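# Commentary on secondary and tertiary structure
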Amino acid sequence: MSATAAAMTMASPSKQRRIEERPEVVIRFAGDSGDGMQLAGTQFSNVSAVVGNDISTLPDFPAEIRAPAGSLAGVSGYQIHFSSYDIYTPGDRVHALVAMNPAALKTNIKDLEEGGILIVNSDAFTTSDLQKAGYKTNPLEDGSLKKYRLVAVPITKLNREALSDLKLSPREVDRCRNFFVLGLVYWLYERPLEPTLRWIKEKFARNPAVMEANIRALKAGYSYGETLEELPVQYRVPKAKIPPGRYRKITGNEATALGLVTAAQLAGKTLVYCSYPITPASDILHTLAEMRRYGVLTIQAEDEIAAVGAAIGASFGGALGVTGTSGPGLCLKSEAINLAVMAELPVVIIDVQRAGPSTGMPTKTEQADLLQALFGRNGESPVVVVAPASPAECFTMIIEAIRLAVSYMTPVFFMSDGYLANSAEPWPIPKVEQLPKIEIQHPTEPNEDGQFMPYKRDHRLVRPWALPGTPGLEHRIGGLEKEDVTGNVSYDPLNHEHMVRTRAQKVANIADEIPPLSVVGPETGDLLVISWGSTYGAIIAAVERAQRKGLSVACAQLRYLNPMPKNTGEVLRRYKRVLVPELNLGHLRLLLQGRYLVECIGLNKVQGRPFLVSEIEEKIHELLHV
Amino acid sequence: MPAASLPTLTPKDFASDQDVRWCPGCGDYSILAQMKKVCASLGIPRERFVFISGIGCSSRFPYYMNTYGFHTIHGRAPTFATGLKVARPDLLVWVITGDGDGLSIGGNHLLHALRRNVDIKIILFNNEIYGLTKGQYSPTSRLGTRTKSSPLGSFENPIRPITIALAAEATFVARTIDVDVNHLTETLRRAAFHKGSAFVEVYQNCKVFNDGVFEYTTDKEVKSDNVLYLEHGKPLIFGKNRDKGIRLNGLEPEVVELGKGVSVDDLIIHDEKAAEPTLAFVLSRMYYPQFPEPVGVFRAIERPTFEDLLNRQVEDAIKAKGRGKLEELFQSEDIWEVEEAEANGPTALD
């Protein structure tokens, strides 16, 4: 009798399980980098989405590719928030934690709520692994975990038993432990096995032994749940109320890449994406490099400067030049971006922000590049800055970034961050035919008395995008100050002032067409919480909670940081107080106070982690004396 | 490129209306004049030419050409040119750079443009000095060069542009001299017709800050003893009386006099098409006064270009699986349907 069959037998139907309903659950899979926790987490979130929950996920992995096994530095985690209602974040407190080794336990236990379920692989709590994690005594035995519902499972042993008759190396067998634990968690939360079984069959189609092993491990883990004395309960999270339609799960980086391909098609242009590998932006390059079939050209440049240079060169030639990077790379791109400001060429710069300064914490999130994007270049250098609020919104906002760049002949910054890049949420798949086209016109005829004037502007102050190869429109552009209209090099003092002001006004004019700032909540009141970028989820969740408590609080999300919506100052003045939560020391606060002379209160966090909903909520309560 | 209906172009057609602002006597004037002549002779419509430059005296070049032009930032011209050529393979893209722009601040980009074999023509005006910043030593300045920033003489070993280009796997590498008008014209023309990255070093005199540094190659009295004209398939012979040659002694070149037991058959035969750049490298290491300095084409081989390979991947991918549609792309991951009737969860929670 195989171990699987044994487990099946043990799961006798005579034991009646209690089923409890939960509106939402946050679980986290944590283990060594080699334990396959990202995969387990991804599978769990996919299944949860498919069964109709709302989901939000956040992976947390180390910067080291392979830190020593069992070390604290090598712990990799994946958090999933799934619910029966609309959620905005991957969750604050963890309800159930899977810890595959002592290091994973040590680094994650602080986030588990009191009374939370703690599933550990007890086989991994050996003296040497305990030492590597810095435990003097075994936490499974010393009573230090008594606040939690500890479920110690000899996962290694059970998994080996389940796979004992397969012709696989011990290493290959142990690699299936993630599916064993995934099976156990599926049982605990009543998830169906089928989607994951399908995935395994597809993924390992060419390796039947490994396929069989993973299937067995998953089923064995599931069956084992039935026998658990420590957990005489299963949890049910009902379906969420989600607008009808077709959905998929999407991360911010995926949505950004898809948005770029879409924008290129909407504009009838070739996308030329130029990038130098950098965490956490590289996935955009990887995704686009696979899209040759969609006509996408990618250049892995020799450095950050070359990447932005090639993007601008492509734009000069009439393609959609885009470059993607993170903070340290952005520093290097400044001079070239300034050239695009001066020459007035379209280019989109994606900054997937990470914790800085310098190399900082490459895999951790932060929002501390905003002022760099706005001001990090010499001279008066106006640029457009937009920021998506959620992973799925990266899709629409990158299309908007492209549209503004080509429509106004200007560099546009797209401020994503490590959290948006890697976390995922459901994405309602758009109908291609309903997406608005991006209109672009290239002149073919001279625009003044038979001559072509490259800096003769339209009513919005935008210059023509004349392409090399067009007969009769030959002209030169560059980084030297140029005479208005003709574009000839000019050192004339009054011309320079005129050009500086014209370039600034052109960008300012964009405020005429962007949507006004809207608020969620009362139009006037005691408190406005205003934010930008990835903090949106935690903030709206906290504000909605406060509103349900009857507090007079609203929130507003700035998706356009430069120019800002025209009514921004007016909105700020409608509230008694203004709170600006940011993952930096006050970039937006400085801008709002400077531009609108409204006092703003900062809530600032720089820990490489997103805000918890509770952190925002506590601050709201503090300010409103609740 | 179709030239059938093309009106005949003259060098004048390539002159922009801008005043040329190089110092009187600058070698750049000659290069500009020959470039206009070459462009007019290629049978390519004017609108297809693009000149891209970085920063420095030479980099003002695009302003003086009545073509498309982009005066970019210091050292980075090859990056803009790469992006442009990838997006627009139909254009003839020239990069104008100098020894500071191309080999100091922009050294990295030069290497990679050549390595990738992007179909751009890089003309490096080497005057062994920073001119626009008013006279500091450059990465090609000879040992001992006294400048404002090296008043006691430069002690940095200079870099050899041709050697660098060869090391970077360039498919076309040549050298010429600003005032050697015919040779300059012919070299630029060959660069223009090369499919792939072409690198041309031009010895260029800076009248103000480094005057006469290449005089040994231009002075009528001595130049034939100091310049070796490379010709494919021909032995390396030089000298006023064409009585000297270059022979290999082991791995080292040596100057020999013809006659006295040495015949033409003993000399190196130039082979610009050699698959390995070994000979070209040896030639690139020959420097005055021990050797005559070679000018002409060191290397000219064929290799697929960057933009062709990239665009071919697109064509092949489309051929194999059809042109991608957004609808498919959006649904390339697991998808699920949410139907109206199913939704039953609470809307708000605390």
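Here the structure is a predicted model, which is why all the values come from computation and not from measurement.

### Remarks on the overall build of chain B
What chain B contains, in helices and strands, is eleven helices and 14 strands. In terms of overall dimensions, chain B has a C-alpha envelope of 105 × 55 × 45 Å along the principal axes. Among the 350 residues that make up chain B, the fraction classed as buried is 56%. Carbon and sulfur atoms make up 52% of the accessible area of chain B, which totals about 15300 Å². For chain B, the centre of its 40 positive side-chain charges and the centre of its 46 negative side-chain charges are spaced 8 Å apart.

### Brief notes about the overall build of chain A
A tally of regular secondary structure across chain A gives 21 helices and 23 strands. Taken over C-alpha atoms, the radius of gyration comes to 27 Å for chain A, in line with the 25 Å a tight globule of 626 residues would show. Considering chain A as a whole, with its 626 residues, one finds that 63% of them fall into the buried category. Taking contacts inside chain A between residues at least 6 apart in sequence as the whole, the part at least 24 apart equals 76%. Accessible surface for chain A amounts to roughly 23400 Å². Of this, 53% is attributable to carbon and sulfur atoms. One way to put it: in chain A the 66 positive side-chain charges average out to a point 4 Å from where the 68 negative ones average out.

### Section: the domain arrangement of chain A
All names here are of chain A. Along its sequence, chain A is carved into domain 1 (3–236), domain 2 (248–434), domain 3 (441–513) and domain 4 (519–623). Once you take the C-alpha centre of each, domain 2 and domain 3 turn out to be 25 Å apart. Taken together, the contact pairs 24 residues of domain 2 with 25 residues of domain 3. For the pairing of domain 2 and domain 3, the buried interface totals around 2100 Å² over both sides, and the portion due to carbon and sulfur atoms is 64%. Looking only at domain 2, the three residues that lose the most surface to domain 3 are Met-342, Glu-344 and Tyr-408, adding up to 36% of its buried area. Viewed at the interface, domain 3 and domain 2 are joined by three salt bridges.

### Quick notes on the sheet that holds strand β19 (residues 525–532) of chain A
All names here are of chain A. If you walk across this open sheet you meet the five strands as β18-β20-β19-β22-β23, and the pairing is mixed. Unpaired on one side and paired on the other, β18 (519–520) and β23 (601–604) mark the two borders of the sheet. Taken strand by strand, helix α18 (residues 536–548) contacts β18, β19, β20 (553–558) and β22 (575–582), and its axis lies near 165° from that of β20. Those strands touched by helix α20 (residues 587–596) are β19, β20, β22 and β23, and its axis lies near 145° from that of β22.

### As for the packing of helix α2 (residues 37–50) of chain A against helix α7 (residues 177–188) of chain A
All names here are of chain A. Two elements in contact, α2 and α7, have axes separated by 9 Å at closest approach and are oriented at 30°. Here α7 runs roughly parallel to α2, going by the angle between their axes. Crossing geometry of α2 relative to α7 is assigned as right-handed. Counted together, Met-37, Leu-39, Ala-40, Gln-43, Phe-44 and Val-47 of α2 and Asn-178, Phe-179, Leu-182, Val-185 and Tyr-186 of α7 form the full contact between these two elements.

### Topic: the sheet that holds strand β14 (residues 384–386) of chain A
Residue and element names in this part refer to chain A. Read across the sheet, seven strands follow the order β11-β10-β12-β13-β15-β14-β21 without closing on themselves; strand pairing throughout is mixed. Across the chains shown, the open sheet's two edge strands, defined by having one partner strand only, are β11 (297–300) and β21 (560–562). Going across the sheet, the axis of each strand differs from the next one's by a mean of 20°, ignoring polarity. In the sheet, strand β13 (residues 347–353) pairs with strand β15 (residues 411–417) via seven bridges, with the strands oriented parallel. From the neighbouring strand, Asp-351 faces β15, where its bridge partner is Met-415.

### Here we look at the packing of helix α1 (residues 28–41) of chain B against helix α6 (residues 181–193) of chain B
All names here are of chain B. For the pair α1 and α6, interaxial distance at closest approach is 9 Å and the crossing angle is 50°. Between α1 and α6, the angle is such that the two are oblique. As α1 runs across α6, the sense of the crossing is right-handed. Of the residues in α6, those in contact with Ser-30, Ile-31, Gln-34, Met-35, Lys-37, Val-38 and Ser-41 of α1 are Val-181, Leu-184, Thr-185, Leu-188 and Arg-189. Residues that form the contact of α1 with α6 fall into these classes: six nonpolar, four polar and two charged.

### With respect to the pairing of strand β13 (residues 293–300) of chain B
Residue and element names in this part refer to chain B. Counted residue by residue, β13 has eight buried out of eight residues, so it is predominantly covered. When strand β7 (residues 172–177) meets β13, the two strands line up antiparallel, connected through four bridges. Bridging across to β13, Val-173 finds its partner in Arg-299.

### Overview of the side chain of A:Arg476
Positionally, A:Arg476 belongs in strand β17 (residues 476–478). No salt bridge is formed by the buried A:Arg476. Its closest oppositely charged neighbour is B:Asp17, at 4.7 Å. A distance of 3.4 Å separates a polar atom in the side chain of A:Arg476 from a polar atom in the side chain of B:Asn66. A:Arg476 has contacts with A:Gly487, B:Ser16, B:Pro62, B:Tyr63, B:Met65, B:Asn66, B:Thr67 and B:Gly69, leaving out every residue within four places of it along the chain.

### Here we look at the interface of chain B and chain A
Quite often, the size of an interface is put as the accessible area lost when its parts meet. In this complex, chain B contributes 68 residues to the contact, which on the side of chain A involves 74 residues. Approximately 6500 Å² of surface area, both sides summed, lies buried where chain B meets chain A, with 61% of it carried by carbon and sulfur atoms. Interface area lost by chain B to chain A is led by B:Tyr68, B:Phe330 and B:Trp336, which between them contribute 15%. In this structure, the connection of chain B to chain A is made through four salt bridges. Its salt-bridge partner being B:Glu337, residue A:Arg246 comes within 2.4 Å of it at the nearest N-O pair. Between the two partners, chain B and chain A, sit 31 residue pairs in polar contact (both at pLDDT 80 or more). Contributing elements (two or more residues each) for the side of chain B that touches chain A: β2 (68–71), α2 (77–87), α4 (107–116), α10 (306–321), α11 (326–330) and β14 (335–338) of chain B. Sort the elements by how many residues they give to the side of chain B that touches chain A and α10(B) lands first, with eight residues.

### Details of the pairing of β20(A)
Residue and element names in this part refer to chain A. Of all six residues in β20, six are buried, a share of seventy percent or more. The alternating pattern of β20 places Val-553, Cys-555 and Gln-557 and Ala-554, Ala-556 and Leu-558 on opposite faces, both of which are buried. One ladder, built from six bridges, connects β19 with β20; its direction is parallel. Looking at the pairing, Ser-531 lines up with Gln-557 of β20. In terms of handedness, the path from β19 via α18 over to β20 forms a crossover that is right-handed.

### Focus: the environment of A:Glu425
Residues and elements named next belong to chain A. Structurally, the position occupied by Glu-425 is in strand β16 (residues 424–428). Counting along the chain gives 162 residues from Glu-425 to His-587, while the straight-line C-alpha distance between them is 27 Å. When near neighbours in sequence (up to four residues on either side) are disregarded, Glu-425 contacts Ile-55, Arg-248, Lys-249, Ile-250, Ser-390, Pro-391, Ala-392 and Glu-393. At 2.9 Å, the side chain of Glu-425 forms a polar contact with the side chain of Ser-390.

### A word on the nonpolar core
One finds A:Leu260, A:Leu288, A:Ile350, A:Ile530, A:Leu592 and B:Phe70 to be the most contacted residues of the largest nonpolar core, which totals 160 residues. Top element by residues in this core is helix α15 (residues 393–408) of chain A. It accounts for eleven residues. Each residue touching A:Ile530, except ones within four places of it in the same chain, is listed here: A:Leu517, A:Ala556, A:Leu558, A:Leu572, A:Val578, A:Leu579, A:Val580, A:Pro581, A:Leu588 and A:Leu592. Grouped together as the second largest cluster of nonpolar side chains are 59 residues, A:Phe44, A:Ile55, A:Ile155 and A:Tyr189 included.

### A look at the side chain of B:Glu128
All names here are of chain B. Take Glu-128: it is sitting in the loop between β4 (120–126) and β5 (129–130). Given a relative accessible area of 5%, Glu-128 falls into the buried group. Leave out the neighbours within four places in its chain, and Glu-128 touches Asp-99, Ser-138, Thr-140, Ser-141, Arg-142, Asn-210, Val-213 and Phe-214.

### Observations concerning the packing of aromatic side chains
Summed over the entire model, instances satisfying the criterion amount to 25 aromatic pairs over all chains. Ring geometry for A:Tyr247 against B:Trp336: centres 6.1 Å apart, planes inclined by 15°, an arrangement best described as stacked. With A:Tyr247 in strand β9 (residues 245–251) and B:Trp336 in strand β14, the pair connects residues from two separate chains. No difference in accessibility class separates A:Tyr247 from B:Trp336, as the two residues are buried. Ring plane angle 85° and centroid distance 5.7 Å describe the contact between B:Trp22 and B:Tyr29, whose orientation is recorded as edge-to-face. Residue classification places B:Trp22 among the buried positions, given a relative accessible area of 8%. Under the relative-accessibility criterion, B:Tyr29 is labelled partly exposed at 31%. By the ring-pair criterion, three or more aromatic residues cluster together here, those being B:Trp22, B:Tyr29, B:Phe51, B:Phe61, B:Tyr64, B:Trp94 and B:Phe125. The cationic tip of B:Arg116 hangs over the ring face of B:Phe306; the distance from NZ or CZ to the ring centre is 5.6 Å. Sitting over the ring of B:Tyr287, B:Arg160 keeps its end group 3.7 Å from the ring centre.

Parameters at a glance
- Positions within a chain are numbered from 1, following the residues in the order the chain's sequence is written.
- Each chain takes a letter, starting from A, and each ligand takes a number, starting from 1, following the order in which they are written.
- Local features in this predicted model are restricted to residues of pLDDT 70 or higher, and side-chain atom pairs are both shown and tallied only at a pLDDT of 80 or more, whereas totals for entire chains, interfaces and linings draw on every residue.
- To get the side-chain values, all heavy atoms of the structure are used, and hydrogens and water are removed first.
- Segments assigned H or I by DSSP are reported as helices when at least four residues long, segments assigned E as strands when at least two residues long, and all are numbered from the N terminus.
- For the exposure calls, accessible area comes from a 1.4 Å probe over protein chains only, and a residue counts as buried if that area is under 20% of its type's maximum, exposed if over 50%, partly exposed in between.
- Values of accessible area rely on a 1.4 Å probe in the Shrake-Rupley scheme; residue burial ignores everything except the protein chains shown.
- The charge count includes Lys and Arg as positive and Asp and Glu as negative, but it does not include His or the ends of the chains.
- Taken as the charge location is NZ of Lys, CZ of Arg, CG of Asp or CD of Glu.
- Each radius of gyration is computed over the set of C-alpha atoms, and the globule rule expresses the reference value as 2.2 Å times the number of residues to the power 0.38.
- In what follows, residue pairs with any heavy atoms lying within 4.5 Å of each other are defined as contacts.
- An automatic or database domain assignment supplies the residue ranges for each domain.
- Once two parts are brought into contact, the accessible area they lose, counted with a 1.4 Å probe and summed over both, makes up the buried area.
- Put simply, a salt bridge is a Lys or Arg side-chain nitrogen that is within 4 Å of an Asp or Glu carboxyl oxygen.
- The rule for pairing is simple: two strands pair if DSSP sees at least two bridges between them.
- Lines fitted to C-alpha atoms define the axes, with helix axes restricted to the stretch in contact, and inter-axis angles between N-to-C directions lie between 0 and 180 degrees.
- Note on terminology: angles under 35 degrees are roughly parallel, angles over 145 are roughly antiparallel, angles of 65 to 115 are roughly perpendicular, and the others are oblique.
- Crossing handedness: left-handed means the near helix sits turned counterclockwise from the far one by under a right angle, and right-handed means the same turn made clockwise.
- As a working rule, the residues Ala, Val, Leu, Ile, Met, Phe, Trp, Tyr, Cys and Pro are called nonpolar, Asp, Glu, Lys and Arg charged, and the rest polar, with Gly in that last group.
- Here a polar contact is recorded for every N or O atom pair within 3.5 Å, except that within protein the pair must consist of a potential hydrogen donor and a potential acceptor, and residues adjacent in sequence are included only if both atoms are side-chain atoms.
- By convention a crossover is right-handed if, when the strands point away from the viewer, the path from the first strand over the helix to the second runs clockwise.
- Only buried residues count toward a nonpolar core. Its members are Ala, Val, Leu, Ile, Met, Phe, Trp, Tyr and Cys residues joined through side-chain atoms within 4.5 Å.
- Stacked, tilted and edge-to-face pairs are distinguished by plane angle, under 30 degrees for stacked and over 60 for edge-to-face with tilted covering the rest, among Phe, Tyr and Trp rings (Trp via its six-membered ring) whose centres lie within 6.5 Å.
- By definition, being over a ring means that NZ of Lys or CZ of Arg is both within 6 Å of the ring centre and within 35 degrees of the ring normal.

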